[in-house]
Number of protein chains: 2
Amino acid sequence: MQKKEISKAVINRLPRYYRYLGDLLEKDVVRISSKELSERMKVTASQIRQDLNNFGGFGQQGYGYNVEYLHSEIGKILGLDRKYHMIIIGAGNLGQALANYADFDKKGFFVKAIFDINPNLIGSQIRGIEVKSMDELEDYLISNKVDIAAITVPKTKAPGIASDLARLGVKGIWNFAPTDLNLPKDVTVENVHLIDSLMKLSYRLSEKDEE
Amino acid sequence: MQKKEISKAVINRLPRYYRYLGDLLEKDVVRISSKELSERMKVTASQIRQDLNNFGGFGQQGYGYNVEYLHSEIGKILGLDRKYHMIIIGAGNLGQALANYADFDKKGFFVKAIFDINPNLIGSQIRGIEVKSMDELEDYLISNKVDIAAITVPKTKAPGIASDLARLGVKGIWNFAPTDLNLPKDVTVENVHLIDSLMKLSYRLSEKDEE
DNA sequence: ATCGTCCTGTGATAAAATAAACAACAGTAT
DNA sequence: ATACTGTTGTTTATTTTATCACAGGACGAT
């Protein structure tokens, strides 16, 4: 159906549009033009219009866009109109931070279990979510359709665990380990490389220092 | 000195090159060609060569690149040859996770203090780093040159805190709050929007479902 | 109702990013 | 030595992305 390939750059911008529209919605803003939105978001109006028109015409000439409608439509595009069964592998600080982040629930991402190898953690609960042993992972994946697994384990263990997850049918991996995962192409990997992000910041700081 | 503007896309790739070269270094690989690196990293060899040549010729015809040298040079480009005084604002789970992440130290990012408003946390230590009261922040910034502040506070508080930090001379902000910060342009902001990342994953999962 | 203004959707244009191509040169084998 | 192979740095071509420009439709004022 959706014939034309949507560029990655467009997809990167969509969540940001969604966030801004959500903010406007909270402020009870009813309508907004691409021009006004562009000024707030520091992008060109043309880009907003063109990005949106990859998916259809959501606006109206002489009026602009209805904030609630556009927000909802972008949500649908992003797949936020469904629910995701999510698990977290690794109950370290980062894993716990993710488990505690209630905002994910609101967007349809439900963390149902956390897995770890640390006996001190196994059996405990984080925000009502049970920490299970890694030994239980396989059984869990067999009896539950897990959509997304967040990986927050050390770099060395990540590739092996990711392969296991892929083998057992997990199609979405949210990878926080500072390494790239090579998985079959039916598995979607989204990386969050914090150290890369910090290095980018460091680059830009150094660059400015040289001026 | 550095006349030509380096594109953002190039900067995004540098940390990844750096990571791969670090891995090769650990495996005692001495030399590598752009072709071999391109195969491992799933990019074109041409792109690697072109990216690197923005900064100078690090390789040798008929030989390739010396891994250690190239790693070190990219490190310099990224500003990893200096030390950064870093603080964390917000000692919640994410703040604690960052404080506990020892790898930052290795790259020259030293977390020296954490600030929070929670009286139960103030005075405690995380990996030897003291949690201080937000009331002490201003004094701390006056008596210490802070290079980078990581913001891990709720969305509503982030913009105000960021402005304070900017006013008090912090030039680098690592922002984990799910909102964009509008700061003077001498302040560099690097955003880590986890929810955006998750939405991108969700988009790609939904997209595949439709096939 | 009519006119003028506003603003979208989209086709044309410009700019930027990526990939391909290749000359030149170092290393290696014969 | 000499020729061959491999691989860079860089130029050129191609593709992709972003911006500009505008026709035409919708709204609101009069």
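Residues numbered from 1 in each chain as written. Chains lettered and ligands numbered in written order. Predicted model: local features only at pLDDT ≥ 70, side-chain atom pairs only at ≥ 80, totals over all residues. Heavy atoms only, no water.

**Remarks on the interface of chain B and chain A**
- Contacts between chain B and chain A engage 66 residues on the former and 66 residues on the latter.
- Between chain B and chain A, the buried area comes to about 5700 Å², and carbon and sulfur atoms account for 58% of it.
- Of all residues in chain B, Arg19(B), Met199(B) and Tyr203(B) bury the most surface against chain A, accounting for 12% of the area lost on that side.
- Connecting chain B to chain A are 14 salt bridges.
- A salt bridge links Asp180(A) to Arg19(B), with the nearest nitrogen and oxygen atoms 3.8 Å apart.
- The interface formed by chain B and chain A holds 38 residue pairs in polar contact (both at pLDDT 80 or more) in total.
- Secondary structure elements with two or more residues in the side of chain B that touches chain A: helix 1 (8-26), strand 4 (84-89), helix 5 (93-100), strand 9 (172-175), strand 10 (188-191) and helix 9 (194-209) of chain B.
- Broken down by element, the residue count for the side of chain B that touches chain A peaks at 15 residues, all from helix 9 of chain B.
- Counted by class, the side of chain B that touches chain A contains 32 nonpolar, 15 polar and 19 charged residues. (Contact = heavy atoms within 4.5 Å. Buried area = accessible area lost by both parts, 1.4 Å probe. Salt bridge = Lys/Arg side-chain N within 4 Å of Asp/Glu carboxyl O. Polar contact = N/O pair within 3.5 Å; in protein donor to acceptor, adjacent residues only side chain to side chain. Helix = DSSP H or I, 4+ residues; strand = E, 2+ residues; numbered from the N terminus. Nonpolar A, V, L, I, M, F, W, Y, C, P; charged D, E, K, R; others polar.)

**Overview of the protein's contact with DNA strand D**
- DNA strand D sits among 25 residues. The nearest are Arg13(A), Gln50(A), Gln61(A), Ser34(B) and Arg49(B).
- What you see for DNA strand D is that sugar and phosphate hold 61% of its atoms within 4 Å of the protein.
- Note that a sugar or linking oxygen of DNA strand D is positioned 3.4 Å from one of the side-chain N or O atoms of Gln47(A).
- A distance of 2.8 Å separates a base oxygen of DNA strand D from a polar atom in the side chain of Arg49(B).
- Element by element, the count of residues in the surface near DNA strand D is highest for helix 3 (residues 45-53) of chain A, at four residues.
- Residue composition of the surface near DNA strand D, by class: three nonpolar, 18 polar and four charged. (Near = heavy atom within 4 Å.)

**Section: helix 9 (residues 194-209) of chain A**
Residue and element names in this part refer to chain A.
- Spanning 16 residues, helix 9 covers 23 Å between terminal C-alpha atoms, matching the ideal 22 Å at 1.5 Å per step.
- Of all 16 residues that make up helix 9, twelve are buried, and the element is covered over most of its length.
- Along helix 9, the residues classified as buried are Leu194, Ile195, Asp196, Ser197, Leu198, Met199, Lys200, Leu201, Ser202, Tyr203, Leu205 and Ser206. (Expected span 1.5 Å × (residues − 1). Buried < 20%, exposed > 50% of the residue type's maximum accessible area, 1.4 Å probe, protein only.)

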